[in-house]
Structures are given as structure tokens and as C-alpha cells.
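One letter stands for each residue in the lines below.
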Amino acid sequence: MDQLTIFEVINEFDDSKCNWIDILGEFEICTVLAVIPAEGFSPLENPYKYGSDEYEKAKKIWSDYTYAIFSQIGPGEKAWQIACNRFRDYRENNEPCLMEIRRTKRGDDFRPSQVIDYI
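Residues numbered from 1 in each chain as written. Predicted model: local features only at pLDDT ≥ 70, side-chain atom pairs only at ≥ 80, totals over all residues. Heavy atoms only, no water.

Considerations on the overall build of the protein
Phase 1: Summing up its helical and strand segments, the protein has 3 helices and 4 strands in all.
Phase 2: Counting from the amino terminus, helix and strand elements in the protein follow one another as α-β-β-α-α-β-β.
Phase 3: Taken against the 2.2 N^0.38 rule, which gives 14 Å for 119 residues, the C-alpha radius of gyration of the protein at 14 Å falls within 12% of a compact globule.
Phase 4: Overall, the C-alpha framework of the protein stretches about 40 × 40 × 30 Å when taken along its three principal axes.
Phase 5: Looking at the protein alone, contacts between residues at least 24 apart form 64% of all its contacts between residues at least 6 apart.
Phase 6: The average position of the 14 basic charges and that of the 22 acidic charges among the side chains of the protein differ by 4 Å. (Helix = DSSP H or I, 4+ residues; strand = E, 2+ residues; numbered from the N terminus. Rg over C-alpha atoms; globule rule 2.2 N^0.38 Å. Contact = heavy atoms within 4.5 Å. Lys, Arg positive; Asp, Glu negative; His and termini not counted. Charge placed at Lys NZ, Arg CZ, Asp CG, Glu CD.)

Here's the deal with helix 2 (residues 53-73)
Phase 1: Here helix 2 spans 30 Å end to end across 21 residues, near enough to the 30 Å set by a 1.5 Å rise per residue.
Phase 2: Within helix 2, the full set of buried residues consists of Tyr55, Ala58, Ile61, Trp62, Asp64, Tyr65, Thr66, Ala68, Ile69 and Ser71.
Phase 3: Summarising the contacts, the buried residues of helix 2 are in contact with strand 2 (27-35), helix 3 (79-93) and strand 3 (96-103).
Phase 4: One or two steps after helix 2, the chain reaches Gly74, where phi turns positive at roughly 90 degrees. (Expected span 1.5 Å × (residues − 1). Buried < 20%, exposed > 50% of the residue type's maximum accessible area, 1.4 Å probe, protein only.)

Side note on helix 3
Phase 1: For helix 3, built from 15 residues, the straight-helix expectation of 21 Å at 1.5 Å per residue is met to within 8% by its first-to-last C-alpha distance of 21 Å.
Phase 2: The set of residues buried in helix 3 consists of Ala79, Ala83, Cys84, Phe87 and Arg91. The arc enclosing the buried residues of helix 3, seen along the axis, measures out at 145 degrees, which places them on a common side.
Phase 3: The inward-facing, buried residues of helix 3 contact helix 2. (Arc of directions from axis to C-beta.)

Observations regarding the packing of helix 2 against helix 3
Between two packed helices, both the angle of their axes relative to each other and the distance between the axes serve to describe the pair.
Phase 1: Running from N to C, helix 2 and helix 3 point in directions that differ by 125 degrees, and their axes come no closer than 8 Å. When the interaxial angle is binned, helix 2 and helix 3 end up oblique. As for how helix 2 packs across helix 3, the hand of that crossing is right-handed. Contacts between helix 2 and helix 3 pair Ile61, Trp62, Tyr65, Thr66, Tyr67, Ile69, Phe70, Gln72 and Ile73 from the former with Ala79, Trp80, Ile82, Ala83, Cys84, Arg86 and Phe87 from the latter.
Phase 2: Its residues placed into classes, the contact of helix 2 with helix 3 shows 13 nonpolar, 2 polar and 1 charged. (Axes fitted to C-alpha atoms, helices over the stretch in contact; angles between N-to-C directions. Parallel < 35°, antiparallel > 145°, perpendicular 65-115°, else oblique. Left-handed = near helix turned anticlockwise from the far one by under 90°. Nonpolar A, V, L, I, M, F, W, Y, C, P; charged D, E, K, R; others polar.)

What to know about the environment of Asn19
Phase 1: Residue placement: Asn19 occurs in the loop between helix 1 (6-10) and strand 1 (21-23).
Phase 2: Separated by 49 residues in the primary sequence, Asn19 and Ala68 place their C-alpha atoms 16 Å from one another.
Phase 3: Asn19 has contacts with Ile29, Cys30, Tyr118 and Ile119, leaving out every residue within four places of it along the chain.
Phase 4: At 3.2 Å, the side chain of Asn19 forms a polar contact with the backbone oxygen of Ile119. (Polar contact = N/O pair within 3.5 Å; in protein donor to acceptor, adjacent residues only side chain to side chain.)

Structure (C-alpha cells):
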């Protein structure tokens, strides 16, 4: 069971606070400033046993947040590497990072757990 702090409850993602931008009627995007959870790790730095629930959870956090950072950066040379480095640096420094969040018709899209600001 995860324990939430009052900070996390106050800063939970709220769709209604986003400035959603429609992209060709297919999906919507918004930009947020959010904190990266300390328990997220890339597959290369993951301290948990490969295949364990903890490993999979840490990798899922890494992939979701890194993709949101990558989306905010946009396409370009070494953009994925820059996103991976930002994920690690912002996580280690416990600082909020800019991310682009998508909302699709499926409704199963990633939502950051601690949002500081809706841009």
C-alpha cells in the first residue's frame, strides 16, 4: 500500500486545470510542471531484480515520465537521450520538470502524480 503525503494529494493531476490543445481531432496535449517520483529508474540503473514487481514499477515510471519529457522537448537530434538525462537529473534533485501530457479517447493515458503548475 502506498502512503500519500498532503503535498501529493494537493498536487494530484487535475484534467480540469489543464490548458488542453486539440491536435487534429485525434488527441489533446497540455504542458505541466511536475515532480518525478524518486522510485522511478531506467532499465540500466534499476536497483531491483529483473522481472520483479518493483523492477517493473520503476521501469514503468521511467518510461511514462521520460516519454512525457521527450514529448515536451520535441523531435530532434539526441532528444531521447536529453529526455533520459533530464529524467535522472530532475529525479535526483527532486525538482519539477516540464512535461507534455496527452489525452486520447482511450482514457488510459499517463498522468503525473505531483503537478506543480499547469502551463
